[in-house]
Amino acid sequence: MSSSLERVDLDGNQIKPITICMIGAGGFIGSHLCEKIMNETPHNVLALDVYNDKIKHLLEPDNLPWHGRIHFHRLNIKNDSRLEGLIKMSDLTINLAAICTPADYNTRPLDTIFSNFIDALPVVKYCSENNKRLIHFSTCEVYGKTIGSFLPKDSPLREDPAYYLLKEEDSPCIFGSIEKQRWSYACAKQLIERLIYAEGAENGMDFTIVRPFNWIGPRMDFIPGVDGPSEGVPRVLACFSNNLLRGEPLKLVDGGESQRTFVYIKDAIEAVLLMIENPARANGHIFNVGNPNNEVTVRQLAEMMIQVYSKVSGEQTPETPTIDVSSKEFYGEGYDDSDKRIPDMTIINKQLGWNPKTSLWDLLESTLTYQHRTYAEAIKKVIAKPIAT
Ligand code: NAD
Ligand code: UDP
């Protein structure tokens, strides 16, 4: 750990140790953020979640160098009276808690809306009433579809960034109809953003909103049948990893034509640490956090993951590498998709000087090395198990 005396913010001021109440600390992003804070800063973390498997290595044994700076509180923010007290004890609250896997948005829309809007309300209220700073995790999905997606397929305007670049202060939020329940998540996230923004405008609450653009890396989601339900459908990195580990074709939803930009979790966490330690530059802002240089179609992502997995595992590429599936078959009724997600980086560059560094190939190489090391043996055992009659 660096001494607090050596650490200065972007304006040259000394960074003082703070206490952070991190809600959803046991998830993918939370686990990387806790790791970064323990390894590189003097800050204390009150880690709140219903699970702690992904941060166990930070909590035990008792002789870890950061012992005493991270405390896990197993609680569900839906119904736990300890929440306000923990927020009051902290200088900063970071809210990561959410249902955030697309397979849930159209199949469990009520849980999705409650998790992303209703359950976040007390967090905002306690921060506002107790004059505490809040960093809230929203999503790039609040932009919905691009304006360009409504143009004819062959329109040259589709190549013009004015029709696709997603800008925090200018772009509209374009969702599908109410029957397209995919948008339940985006809509709930948009409303909580508006509420937080209003708390800032009317009551002076200090806030920062983060819009992640497909952060990926080790510990993301779960591998069905190994550390998650067999029938569960995680986000694309874990779906494709699962297919590769099992030697199955990767499933391309509706032809895999949608486009995404992927950013390495370790790059993105650097941006979050800058927000934590530079409140004067981060407060009152909404930040896109993504890597505009790492754009691919989902089909291209699948092809690249197949190549990278073959390299890191030493296994041959499968004979049938991909198959097409309809979204109705894969996700069920009410699914819809974001067509393209390229973040505009002007605001985060200007306020925090942050830029992502890792190429898609490099981030897939380190992530798939982790997936292979962590899961290959477990998958072999699952496959070898005789099916119960
Ligand atoms: P995750 O599912 O791995 O982590 C969320 C954590 O919140 C989980 O550990 C879960 O147990 C916890 N949680 C959920 N409800 C809770 C409750 N009621 N009480 C206590 N804990 C609860 O997801 P993640 O990828 O780490 O995402 C974190 C945040 O970032 C979410 O708000 C998500 O919407 C947002 N986000 C992430 C991405 C990405 O690329 N990973 C993209 C867009 C938005
Ligand atoms: N997808 C796919 N096959 C899968 C899983 C996902 O083709 O096995 C597609 C999905 O339809 C979407 C993209 O991959 O177009 C990214 O999906 P993800 O679950 O990561 O979430 P999103 O980026 O849509 O929030």
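- The protein carries the name UDP-glucuronate decarboxylase in an unreviewed UniProt entry, which gives Lupinus angustifolius as its organism.
- Per its UniProt entry, the protein bears the Sequence similarities (unreviewed entry) comment "Belongs to the NAD(P)-dependent epimerase/dehydratase family."

## Examining the overall build of the protein
- When you go through the protein residue by residue, the secondary structure sums to 14 helices and 15 strands.
- Relative to the compact-globule value of 21 Å for 389 residues, the protein shows a C-alpha radius of gyration of 21 Å, a close match.
- If you line up the protein on its principal axes, its C-alpha atoms span 55 × 55 × 40 Å.
- Expressed as a percentage of the 389 residues in the protein, the buried residues total 54%.
- Intrachain contacts of the protein at a sequence separation of at least 6 include 80% that bridge at least 24 residues.

## A closer look at the site of ligand 1
- Within the structure, ligand 1 sits among 25 residues, and Phe28, Asp49, Asn76, Tyr185 and Trp215 are positioned closest to it.
- Contact distances for ligand 1 include 2.7 Å between a nitrogen atom and a side-chain N or O atom of Asn76.
- Here an oxygen atom of ligand 1 sits 2.9 Å away from a polar atom, N or O, in the side chain of Lys189.
- In the complex, 89% of the free accessible area of ligand 1, which totals 830 Å², lies under the protein chains.
- Residues that form the shell around ligand 1 fall into these classes: 15 nonpolar, seven polar and three charged.

## Remarks on the pairing of strand E7 (residues 207-212)
- Burial runs high along E7: six of the six residues are buried.
- Side chains Phe207, Ile209 and Arg211 of E7 all project onto a buried face; the interleaved residues Thr208, Val210 and Pro212 project onto the opposite face, where all are buried too.
- Pairing of strand E5 (residues 133-137) with E7, which is carried by four bridges, proceeds in the parallel orientation. Bridge pairing in E7 links Phe137 to Val210.
- In terms of strand pairing, E7 meets strand E12 (residues 285-289) through five bridges, oriented parallel. Bridged to Arg211 within E12 is Asn288.

## So, the pattern of salt bridges
- Per the counting criterion, the structure on display carries 22 salt bridges.
- The residue Glu35 makes a salt bridge to Arg219 at a minimum N-O spacing of 3.1 Å. Placement of the pair is Glu35 in helix H1 (residues 28-40) and Arg219 in the loop between strand E8 (215-216) and helix H8 (236-246), with a sequence separation of 184 residues. For the pair formed by Glu35 and Arg219, the shared burial category is buried.
- A salt bridge links Asp324 to Arg299, with the nearest nitrogen and oxygen atoms 3.4 Å apart. In this pair, Asp324 sits in strand E14 (residues 322-325) while Arg299 sits in helix H11 (residues 298-313), placing the two residues 25 residues apart along the sequence.
- Taking the relative accessible area as the measure of exposure, Arg299 reaches 30% and is therefore partly exposed.
- In the salt-bridge network here, residues are joined through shared partners; they are Glu141, Arg182, Arg260, Asp337 and Arg341.

## Quick notes on unusual backbone geometry
- Note the cis peptide between Glu60 and Pro61, where omega equals -5°.
- For Pro61, the location among the structural elements is in the loop between helix H2 (56-59) and strand E3 (70-74).
- Although it is not a glycine, Asp221 adopts a positive phi angle of roughly 55°.
- Turning to its location among the elements, Asp221 is positioned in the loop between E8 and H8.
- Residue classification places Asp221 among the buried residues on the basis of a relative accessible area of 11%.
- Despite not being glycine, Asp254 has its phi angle at roughly 50°, a positive value.
- Among the structural elements, Asp254 can be located in the loop between strand E9 (250-253) and strand E10 (259-261).

## Observations concerning the packing of helix H3 (residues 82-89) against helix H6 (residues 121-129)
- Viewed as axis vectors pointing N to C, H3 and H6 meet at an angle of 45°, and their least axial separation amounts to 10 Å. Here H3 lies oblique to H6, going by the angle between them. Two packed elements cross with a definite hand, and for H3 against H6 that hand is right-handed. Between H3, through Leu83, Glu84 and Ile87, and H6, the contact on the second element is made entirely by Pro122, Val123, Tyr126, Cys127 and Glu129.
- Counted by class, the contact of H3 with H6 contains six nonpolar, no polar and two charged residues.

Procedures and definitions
Residues numbered from 1 in each chain as written. Chains lettered and ligands numbered in written order. Predicted model: local features only at pLDDT ≥ 70, side-chain atom pairs only at ≥ 80, totals over all residues. Heavy atoms only, no water. UniProt positions renumbered as here; feature names shortened; annotations may be inferred. Helix = DSSP H or I, 4+ residues; strand = E, 2+ residues; numbered from the N terminus. Rg over C-alpha atoms; globule rule 2.2 N^0.38 Å. Buried < 20%, exposed > 50% of the residue type's maximum accessible area, 1.4 Å probe, protein only. Contact = heavy atoms within 4.5 Å. Near = heavy atom within 4 Å. Polar contact = N/O pair within 3.5 Å; in protein donor to acceptor, adjacent residues only side chain to side chain. Areas by Shrake-Rupley, 256 points an atom, 1.4 Å probe, with all protein chains shown as cover. Nonpolar A, V, L, I, M, F, W, Y, C, P; charged D, E, K, R; others polar. Pairing = 2+ DSSP bridges. Salt bridge = Lys/Arg side-chain N within 4 Å of Asp/Glu carboxyl O. Axes fitted to C-alpha atoms, helices over the stretch in contact; angles between N-to-C directions. Parallel < 35°, antiparallel > 145°, perpendicular 65-115°, else oblique. Left-handed = near helix turned anticlockwise from the far one by under 90°.

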